[in-house]
Amino acid sequence: MTWDWGYAWETLPQLLDGLGVTVLATLAGTAIALVLGLIFTVLRRSSSRWIAIPTEILVEFIRSTPLLVQLFVLFFVLPQAGIELSAFMTGVIGLGLHYATYTSEVYRSGIEGVPAGQWEAAKALNLPARRVWTSVILPQAVPPSIPALGNYAIAMFKETPQLTVITVMELLSVARQLGAENYRYLEPVTIIGVLFLALSLPTAWLVRRMERRLVPAPRPV
Amino acid sequence: MSPQLFAYLLEGLLTTLQLTIGAAALGLVFSFAAGIATCSPNIVVRGAGRCYIELFRGISALVLLFWFVFALPYAGWQLDPMWAGILALALNIGAYGAEVVRGGIVAVPVAQIEAAVALNFTRAQRMRLVVLPQAIARMLPPFGNLLIELLKGTSVAYIVLIPDLTFAGQIVRNATGDSASVFTALLILYAVLAVIFTTIVRLIERRVAKSLGRPPTPGFFARIKGVKSA
């Protein structure tokens, strides 16, 4: 059997709807990951070991277990605890939580990358703790982290098809449905592959360009 | 839990291990082939390496797997689902691994290569005897991370009905109706597998670092202690 352009053309509008859901889930998930990751980082740096160590273990646990199983937990176990969320919301929270453990690592290395002299200088100037962060540390820690955060956003985009297991109608779910209805998977599955490439390649290229501008080259030793 | 359900879980665990180790072995071959290709002076070889990396890094592993299982049969190729799973995961992880290989090779100091040239080594000898032994030491920590990513990634095989650990978990859940404990057990099993894999990679790292006379990278517990002092 060969490629059927007519069928491919027919399925396109529905696939583009699915693409919208996929992109929306990625954006919302990224937003959660960016905020939650920062919270994780702050907790991991806490001076109390009763906060720092459990957070470290939790982050390590979430990061080393599959997103797919985490989605199942959120989807099937949360309602039992009386928390009813739509499938889309559940998926977005799952993506955000999973990737927060990665962004937390990025923030951490960004903060650790600020030379110790900067902390000492801020202290010598008697800056209040908040200004130390807002005027000295974060302006130097955040820009070099942006490309790595962008890479994780792309990685999240490519993991959104897993939301198909909790009935979110994103790209892969739409393709599966079309394939099952028409007994023809070739066109929809190929088109979504091309759509993924068409979105992730330019974004990756942009991130790489940004990387060259924002990340200082390692100093010669 | 009945012995039969336990047997399902055990089988699922073995399938997950097969998928992980199979895809890791095949992915390693792809990584080195493409990674070394991107360092080639020949533009065609370099381009082929880059194309492979960009193509398979840009596409979702799950979509690729779906394509192998549902679209490839139209072209007359019916892969066994298990092989489709290993191939899709290996192609995907291999693209990330190729970047690691490339990064490791590029990081070897130029003086090392110049010294090999001065000693009249051929290009293959230079790669095999001077560049790779040093590069591999640098590649191991990121390879360890990729291995964990791969282990987590194998769970998508469940969606094309490969009876892996996640699949077995679903069977147990349907039989017992207890979602919370089954999924918690699954998460813990995956985490334990991840710890085992990480430990193995760390032992290899330590050996390689020792053979090159370098200090090993700090482990998880050393990092936790670091949290306290920071």
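Our structure's up above, just so we're on the same page.
In what follows, the accompanying structure is described.

Conventions we followed
- Residues numbered from 1 in each chain as written.
- Chains lettered and ligands numbered in written order.
- Predicted model: local features only at pLDDT ≥ 70, side-chain atom pairs only at ≥ 80, totals over all residues.
- Heavy atoms only, no water.
- Contact = heavy atoms within 4.5 Å.
- Buried area = accessible area lost by both parts, 1.4 Å probe.
- Salt bridge = Lys/Arg side-chain N within 4 Å of Asp/Glu carboxyl O.
- Polar contact = N/O pair within 3.5 Å; in protein donor to acceptor, adjacent residues only side chain to side chain.
- Helix = DSSP H or I, 4+ residues; strand = E, 2+ residues; numbered from the N terminus.
- Core = buried A, V, L, I, M, F, W, Y, C linked by side-chain atoms within 4.5 Å.
- Buried < 20%, exposed > 50% of the residue type's maximum accessible area, 1.4 Å probe, protein only.
- 1 Å grid on protein atoms, 1.4 Å probe; cavity = no way out; pocket = protein on both sides within 12 Å on 5 of 7 lines; lining within 4 Å.
- Points joined across faces, edges and corners; volume = space filled by probe spheres on them.
- Nonpolar A, V, L, I, M, F, W, Y, C, P; charged D, E, K, R; others polar.
- Patch = residues over 30% accessible without salt bridge, like charges linked within 9 Å, V, L, I, M, F, W, Y side chains within 5 Å.
- Areas by Shrake-Rupley, 256 points an atom, 1.4 Å probe, with all protein chains shown as cover.
- Phe/Tyr/Trp six-rings, centres within 6.5 Å; stacked < 30°, edge-to-face > 60°.
- Lys NZ or Arg CZ within 6 Å of the ring centre and 35° of its normal.

A few points about the interface of chain B and chain A
Here's step 1: With 38 residues of chain B at the contact, the number on the chain A side is 45 residues.
Here's step 2: The junction of chain B with chain A conceals about 3,800 Å² of combined surface from both sides, 70% of it contributed by carbon and sulfur atoms.
Here's step 3: Taken together, the links from chain B to chain A amount to one salt bridge.
Here's step 4: Measuring nitrogen to oxygen at the nearest pair gives 3.3 Å for the salt bridge that ties Arg208(A) to Glu54(B).
Here's step 5: Our count for the contact surface shared by chain B and chain A stands at twelve residue pairs in polar contact (both at pLDDT 80 or more).
Here's step 6: Within the residue set of the side of chain B that touches chain A, elements represented by two or more residues are α2 (43–58), α3 (61–71), α6 (123–153), α7 (165–176), α8 (179–211) and α9 (220–229) of chain B.
Here's step 7: By residue number, the principal contributor to the side of chain B that touches chain A is α8(B), which donates nine residues.

Thoughts on the nonpolar core
Here's step 1: Core analysis: the biggest nonpolar cluster contains 97 residues, and Leu15(A) and Met139(B) have the highest contact counts within it.
Here's step 2: For this core, the element with the highest residue contribution is helix α4 (residues 81–106) of chain B, accounting for 13 residues.
Here's step 3: Residues in contact with Leu15(A), not counting those within four places in the same chain, are Leu171(A), Val174(A), Ala175(A), Leu178(A), Pro188(A), Ile191(A) and Ile192(A).
Here's step 4: Membership of the second largest hydrophobic core comes to seven residues, among which are Val114(A), Val132(A), Ile137(A) and Ala141(A).

Focus on empty space enclosed by the protein
Residue and element names in this part refer to chain A.
Here's step 1: Here the structure, examined in full by the defined rule, presents two cavities of 30 Å³ or more.
Here's step 2: Estimated volume of the largest cavity: approximately 50 Å³.
Here's step 3: Forming the walls of the largest cavity are Thr 30, Ala 33, Leu 34, Tyr 99, Thr 103, Leu 149, Tyr 152, Ala 153 and Met 156.
Here's step 4: If you list the elements that add at least two residues to the lining of the largest cavity, you get α1 (5–44), α4 (87–112) and α6 (129–159).
Here's step 5: The greatest single-element share of the lining of the largest cavity, amounting to four residues, is contributed by α6.
Here's step 6: Here the residues of the lining of the largest cavity are counted per class, giving seven nonpolar, two polar and no charged.
Here's step 7: Of the volumes computed, that of the second largest cavity is approximately 40 Å³.

With respect to helix α3 (residues 67–77) of chain A
Here's step 1: Along α3(A), eight of the eleven residues are buried, which leaves the element largely enclosed by surrounding structure.
Here's step 2: As for α3(A), its buried residues are in contact with α2 (49–63), α4 and α6 of chain A together with α7 and α8 of chain B.

A closer look at the environment of Ser31(B)
Residue and element names in this part refer to chain B.
Here's step 1: With respect to the element layout, Ser 31 can be found in helix α1 (residues 3–37).
Here's step 2: Separated by 26 residues in the primary sequence, Ser 31 and Leu 5 have C-alpha atoms spaced 38 Å apart.
Here's step 3: Those residues in contact with Ser 31 that lie beyond four places of it in its chain are Ile 36, Ile 93, Gly 94, Gly 97, Ala 98, Val 101 and Phe 143.
Here's step 4: A polar contact is formed between the side chain of Ser 31 and the backbone oxygen of Gly 94, at a distance of 3.5 Å.

Let's talk about a nonpolar patch on the surface
Here's step 1: On the surface, a nonpolar cluster with roughly 480 Å² of combined accessible area is contributed by Phe61(A), Ile188(B), Val192(B), Ile196(B), Ile200(B) and Ile204(B).
Here's step 2: Considering each element in turn, the nonpolar patch owes the most residues, five residues, to α8(B).
Here's step 3: Among the structural elements, Ile200(B) can be located in helix α8.
Here's step 4: Taking relative accessible area as the criterion, Ile200(B) reaches 43% and is therefore assigned partly exposed.

Some words on the side chain of Glu54(B)
Here's step 1: Its place among the elements puts Glu54(B) in helix α2.
Here's step 2: At a separation of 3.3 Å, a polar atom in the side chain of Glu54(B) contacts the side chain of Arg208(A).
Here's step 3: Contact partners of Glu54(B), with chain neighbours within four places excluded, come to Leu197(A), Leu201(A) and Arg208(A).

Brief notes about the side chain of Gln70(A)
Here's step 1: Within the secondary structure, Gln70(A) sits in helix α3.
Here's step 2: A residue is classified by how much of its surface remains accessible, and Gln70(A), at 8% relative accessible area, is buried.
Here's step 3: A polar contact of 2.8 Å, which involves the side chain of Gln70(A), links it to the side chain of Thr65(A).
Here's step 4: Setting aside residues up to four positions removed in sequence, Gln70(A) forms contacts with Ile62(A), Thr65(A), His98(A) and Leu187(B).

Points about the packing of aromatic side chains
Here's step 1: Enumeration over the complete set of coordinates arrives at 18 aromatic pairs over all chains.
Here's step 2: The rings of Phe72(A), Phe75(A), Phe76(A), Tyr158(B), Phe167(B) and Phe183(B) are connected pair by pair, giving a single aromatic cluster.
Here's step 3: Cation over ring: Arg184(A) sits above Tyr74(B), and NZ or CZ is 5.4 Å from the ring centre.
Here's step 4: It is Arg173(B) that lies over the ring of Phe76(A); its NZ or CZ is 3.8 Å from the centre.

Focus: unusual backbone geometry
All names here are of chain B.
Here's step 1: Despite not being glycine, Asn 120 has its phi angle at roughly 65°, a positive value.
Here's step 2: Locating Asn 120 in the fold gives a position in the loop between α5 (110–118) and α6.
Here's step 3: Even without being glycine, Leu 161 reaches a positive phi, approximately 65°.
Here's step 4: Structurally, Leu 161 can be placed in the loop between α6 and α7.
Here's step 5: Overall, Leu 161 belongs to the exposed group, its relative accessible area being 62%.

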